[in-house]
Amino acid sequence: MSSHQLLQFRSDPFVLSHCFPLIRPTNSPKHPFHSLPFQRRLSHHARVRSSAKKKKTTQCNLKNETPSVDSKRVYPFHEIEPKWQRYWEDNRTFRTPDDVDTSKPKFYVLDMFPYPSGAGLHVGHPLGYTATDILARVRRMQGYNVLHPMGWDAFGLPAEQYAIETGTHPKTTTFKNIDRFRLQLKSLGFSYDWDRELSTTEPDYYKWTQWIFLQLYKRGLAYQAEVPVNWCPALGTVLANEEVVDGVSERGGHPVIRKPMRQWMLKITAYADRLLDDLDELEWPESIKEMQRNWIGRSEGAELNFTILDGEGQETDKGITVYTTRPDTLFGATYMVVAPEHHLLSYFVTPEQKQQVEEYKDFASRKSDLERTELQKEKTGVFTGCYAKNPANGDAIPIWVADYVLASYGTGAIMAVPAHDTRDNEFALKYNIPIKWVVRNEASSSDDAKQVYAGVGVIENSSSVETGLDINQLSSKEAALKVIEWAERTGNGKKKVNYKLRDWLFARQRYWGEPIPILILDESGETIAVSESELPLTLPELNDFTPTGTGEPPLSKAVSWVNTVDPATGKPAKRETSTMPQWAGSCWYYLRFMDPKNPEALVDKEKEKYWSPVDVYVGGAEHAVLHLLYSRFWHKVLYDIGVVSTKEPFKCVINQGIILGEVQYTAWKDQEGNYVSAEAEERLNEYQQVTIPEDKVMKSGDHFVLKEDPSIRLIPRAYKMSKSRGNVVNPDDVVLEYGADSLRLYEMFMGPFRDSKTWNTSGIEGVHRFLARTWRLVIGSPQSDGSFKDGTVVTDDEPTLEQLRSLHKCIAKVTDEIESTRFNTGISGMMEFVNAAYKWNNQPRGIIEPFVLLLSPYAPHMAEELWSRLGHSSSLAYESFPKANPDYLKDTTIVLPVQINGKTRGTIEVEEGCSEDEAFALASQDKKLEKYLDGQSIKKRIYVPGKILNVILDKTNVKVTTK
């Protein structure tokens, strides 16, 4: 933005009051809202701010609710928005035909579809949905075939929990919540193709989820294994990780232990290298790709064998295998640690230590994996009474059991090198285990010689005549290679690539999920795949969803459903009673949207080939790892079996930022009830914390303070929206008060799309005023009763060069910013245009119509109404999106100094090639210069094109005024 543009931008009363709220020119007219007393202004938007505090959220019915008088007068959104929503629905405006013209380019833009919770949407949800809607609308207008669908990730724990508590079937709750979500989304004007709507709970949908599982099963990628689960004895059920808080059940606060249970697993590790390598080809933020790389956690090292010694110190026929990325430190291993679940622990623990070890195993079973591996926690462990042989030097080293080692990672055992690993060092110091330094850090001083050093360096104290291994004076890299070569030659180990990635635990002991299409033969326990022709295997109806108390899933109560026969052999069998996790249905839904009604195939090959991959996929960063990883895994399996044509499902992934609740102001009180200033930070935890209402707060310098006592400093902070904090803002209330277009525009204007930002109700009032100005620019001022006349004030005049330049600069700005998802600065460009347009004497159709099209992706309801009033009989949804003409983007104006009698008195902006008469006319109209020229007689003019205009006055004569 040029300095001249910035001056115009900041001169607009709307911009001053919204973007620079502390600045207001004394002569600027006040908006009606600002003319209200402060307390009335608070009550004006109390409806929006108080929505989080309502015990029961009331849905907004845009057709029946009566807006407030103030909102009604700025522009009639309460009439416009329901009208165009009905039009779009009646005409199926945004329907993507089943058979499209494949010669046209395609654009598949997708939101991460929501779980339809009972709470409905809050204002954070529409952030991503609005962005994808803008992209979809622009691409339609640019001539693309656009696929922009919406559906529901509807299986899930909350509906089942509600069923347990109330007896309401999860299906009933889910359908009700979906209806609510759909109504809310439609009220915001999103251009979804609702004909493609789907839910993961529909049998016609999960038929194909089950079909994918069977393909995994047939290829050995689905198998059963004993794995630890969260078992709550008091509740008699297996709990999901999110249901366990600090080792107890979220519901009831009962102790939870880790218990081995046979579970279905998916072998995602078989695809680890491809999942890692193919990340390089994706147009994803590097931060997301790095998160996926870290989760996969590929590392190169060695598997080394430590032989277990008996009570006499003799070698046994059993050994413990460890994986290490630092084989160069093998001589520094002074003890070993095995996980409490290690399969050999019961074999080598001594009788004297057995009871202590068993007690420790029980202690460890009450912790989650996350708690066990927390770096800051105090290390605990128990000596097993047994020793193993270090293969490098033959030393007998003690074997300990400790919960910071997990059975699910590596081999479930480690060689501990306390001189060169911080965690091992803490453990060794606590239990008085020897420490041996074997890596010298050449960059450190001698004073640091006995400090923990986890880096690479030069190897020392690492030679053994007995084993024939000598790596002294080698670099860490050279030493690691030599140890691996020695281990493979002597049978003590081998080179190994390892992954942090674990196979996917795919079973849930729940009712509300996709049934797993597997039979288990009664006689042999053999698993048999259900025939594909029998899919979908539907959920049986149950009236009792409570846990069985035995660990068996609720489906085991459907006895007539469970007991069956193998169709191939006639042998008695039972159906699998675990269900799939919620991840299952969301792994492939993007494919079904391409062909949602196909009963014969997951997706038609030609349709998949045309629409794949998803061009833009938008959702929260909380899904940056698991959802995307699981989807990529399933997609690669489908690629291998010829169902899909691309190696990756999502070409571009964007994570939108979080919208935080409005700023809350916190103060502290002492025991006597006196306020304590936040400056006393080190003692604040001793005092009672209280929240201060905004109307009792004021700004003082860089801080916020109590109005009644400015010596009391407060802490302002915005929190993530949640019911518990009472800071949830319901979009229904915002739409009722300001309209859907205002909500859409505000969420895009709040800040960079990918950044987190804080909700501010006064901010939406600002963009609402901008829309009102846009409305009046085209329609004209309201009549005396507050209503607006039909038609527009637009003329059929030819646009001036200035108007064309203003328009095309706006087109270029908005287009570029949409392509870069910098929606907020695109809106700023439109604001600048409206500011400029208000200074014109007319509003030519050739300028206003392109601007309305430009506005339409952001504020579609208003744009449709303006387009209609401009004389068009059909929707603008498929009109051509404006293109900037480069000829009007060139800056051909120059600043020309103007002198009066040889003394510079000001400057004017003129076109290159401007004539003397044109330059003089502009100077005569300039407010700063007219006082020198008004009523004066001109003796002569000296004009040097592009350089200067010098006006010589004739002081002997007085001429008629120039006004």
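Note that the structure is a prediction, hence the values are computed from the model and not measured. (Residues numbered from 1 in each chain as written. Predicted model: local features only at pLDDT ≥ 70, side-chain atom pairs only at ≥ 80, totals over all residues. Heavy atoms only, no water.)

**Structural notes on the overall build of the chain**
Counting secondary structure elements, the chain contains 31 helices and 39 strands. Referenced to the eigenvectors of the C-alpha coordinate spread, the extents of the chain come out at roughly 125 × 75 × 70 Å. Buried positions account for 53% of the 963 residues belonging to the chain. Taking all contacts inside the chain whose residues are at least 6 apart in sequence as the whole, residues at least 24 apart take part in 71%. Split by element, the accessible area of the chain, about 44200 Å² in all, is 49% carbon and sulfur. Side-chain charges of the chain comprise 117 positive and 130 negative groups, with the mean position of each set lying 5 Å from the other. (Helix = DSSP H or I, 4+ residues; strand = E, 2+ residues; numbered from the N terminus. Buried < 20%, exposed > 50% of the residue type's maximum accessible area, 1.4 Å probe, protein only. Contact = heavy atoms within 4.5 Å. Areas by Shrake-Rupley, 256 points an atom, 1.4 Å probe, with all protein chains shown as cover. Lys, Arg positive; Asp, Glu negative; His and termini not counted. Charge placed at Lys NZ, Arg CZ, Asp CG, Glu CD.)

**Let's talk about the pattern of salt bridges**
Throughout the structure, instances matching the rule amount to 46 salt bridges. Between Arg293 and Asp280 there is a salt bridge, with its nearest N and O atoms 3.2 Å apart. Here Arg293, found in helix H12 (residues 286-296), pairs with Asp280, found in the loop between helix H11 (272-277) and H12; they are 13 residues apart in sequence, far enough to count as distant. Accessibility expressed as a relative area gives 56% for Asp280, which makes it exposed. Residue Asp595 is joined to Lys607 by a salt bridge in which the shortest nitrogen-to-oxygen separation is 3.2 Å. Of the two residues, Asp595 is situated in the loop between helix H20 (589-592) and helix H21 (605-611) and Lys607 in helix H21; the sequence distance between them amounts to 12 residues. Across the pair, Lys607 and Asp595 agree in class, each one buried. Within the structure, one salt-bridge network assembled from shared partners comprises Asp280, Glu286, Lys289, Glu290 and Arg293. (Salt bridge = Lys/Arg side-chain N within 4 Å of Asp/Glu carboxyl O.)

**Side note on the sheet that holds strand S6 (residues 237-239)**
The sheet built from four strands is open, its strands ordered S6-S5-S9-S21 with antiparallel pairing. Looking at which strands have only one partner, the edges of the open sheet turn out to be S6 and strand S21 (504-505). Here strand S5 (residues 222-232) pairs with strand S9 (residues 257-266) via 10 bridges, running antiparallel. Bridged to Ala222 within S9 is Leu266. Packing against the sheet, helix H10 (residues 203-218) makes contact with S5 and S9, and its axis sits at approximately 90° to S9. (Pairing = 2+ DSSP bridges. Axes fitted to C-alpha atoms, helices over the stretch in contact; angles between N-to-C directions.)

**A look at helix H24 (residues 740-749)**
The element H24 is extensively covered by neighbouring structure, given that 10 of its 10 residues are classed as buried. Looking only at H24, the buried set comprises Ala740, Asp741, Ser742, Leu743, Arg744, Leu745, Tyr746, Glu747, Met748 and Phe749.

**Comments concerning the packing of helix H6 (residues 77-91) against helix H29 (residues 860-869)**
Axis separation between H6 and H29 bottoms out at 9 Å; the angle between their running directions is 85°. Of the possible angle classes, the one that applies to H6 and H29 is roughly perpendicular. Touching Ile80, Glu81, Lys83, Trp84, Gln85 and Trp88 of H6 are Pro860, His861, Met862, Glu864, Glu865 and Ser868, all from H29. Among the residues making up the contact of H6 with H29, the classes are represented as five nonpolar, three polar and four charged. (Parallel < 35°, antiparallel > 145°, perpendicular 65-115°, else oblique. Nonpolar A, V, L, I, M, F, W, Y, C, P; charged D, E, K, R; others polar.)

**Quick word on the UniProt feature "domain: Aminoacyl-tRNA synthetase class Ia" (unreviewed entry) in the chain**
Those places that UniProt annotates as "domain: Aminoacyl-tRNA synthetase class Ia" (unreviewed entry) correspond, in this numbering, to residues 500-661 and 720-747. Across residues 500-661, helical content stands at 21% and strand content at 15%; the span's end C-alpha atoms are separated by 36 Å. (UniProt positions renumbered as here; feature names shortened; annotations may be inferred.)

**Some words on the nonpolar core**
Ranked by size, the top nonpolar core spans 162 residues in total, and within it Phe213, Trp634, Trp759 and Tyr858 carry the most contacts. With nine residues, helix H25 (residues 761-779) is the largest single contributor of residues to this core. In contact with Trp634, other than residues within four places in its own chain, are Thr209, Ile212, Leu216, Leu266, Trp504, Phe506, Ala584, Cys587 and Trp588. With 50 residues, the next largest nonpolar core counts Ala302, Ile320, Val405 and Tyr453 among its residues. (Core = buried A, V, L, I, M, F, W, Y, C linked by side-chain atoms within 4.5 Å.)

**Focus on the side chain of His342**
Inspection of the secondary structure puts His342 in the loop between strand S12 (335-338) and helix H13 (345-348). His342 gets classed as buried once you look at its relative accessible area, which sits at 8%. In this structure the side chain of His342 is engaged in a polar contact, spanning 3.1 Å, whose partner is the backbone nitrogen of Leu344. Other than its neighbours up to four places away in sequence, His342 contacts Ile320, Thr411, Gly412 and Ala413. (Polar contact = N/O pair within 3.5 Å; in protein donor to acceptor, adjacent residues only side chain to side chain.)

**Things to note about unusual backbone geometry**
Working note: non-glycine residues mostly have negative phi, and peptide bonds are mostly trans. In this structure, the amide linkage connecting Leu535 to the following residue, Pro536, adopts the cis form with an omega of 5°. Mapped onto the elements of the fold, Pro536 is located in the loop between strand S23 (527-529) and helix H18 (559-562). For the peptide bond that leads from Ser612 to Pro613, omega is -10°, which places it in the cis range. Structurally, Pro613 is set in the loop between H21 and strand S26 (616-619). For Arg92, which is not glycine, the phi torsion reads 45° and is therefore positive. With respect to the helices, strands and loops of the structure, Arg92 is situated in the loop between H6 and strand S1 (106-111). Residue Arg92 is classed as partly exposed on the basis of its relative accessible area, which comes to 47%. Positive phi values are uncommon outside glycine, yet Gln473 reaches one of about 70°.

**Section: the packing of aromatic side chains**
Summed over all chains, the structure comprises 45 aromatic pairs. Relative to Trp611, the ring of Tyr108 has its centre 6.5 Å away and its plane inclined at 75°; by these criteria the two rings are edge-to-face. With Tyr108 in strand S1 and Trp611 in helix H21, this pair connects stretches of sequence that are 503 residues apart. Residue class for Tyr108 comes out buried when judged on its relative accessible area of 0%. Arranged with centres 4.9 Å apart and planes meeting at 70°, the rings of Phe155 and Trp512 form a pair that is edge-to-face. Taken together, the positions of Phe155 in the loop between strand S3 (151-152) and helix H8 (157-166) and Trp512 in the loop between S21 and strand S22 (518-521) put the pair 357 residues apart, joining distant regions of the chain. Accessibility assignment for this pair places Phe155 and Trp512 in one class, buried. Every member of this aromatic cluster is reached through a ring pair, and the members are Phe213, Tyr217, Trp264, Trp504, Phe506, Trp583, Tyr630 and Trp634. Sitting over the face of the ring of Tyr347, Lys318 holds its NZ or CZ atom 5.3 Å from the ring centroid. (Phe/Tyr/Trp six-rings, centres within 6.5 Å; stacked < 30°, edge-to-face > 60°. Lys NZ or Arg CZ within 6 Å of the ring centre and 35° of its normal.)

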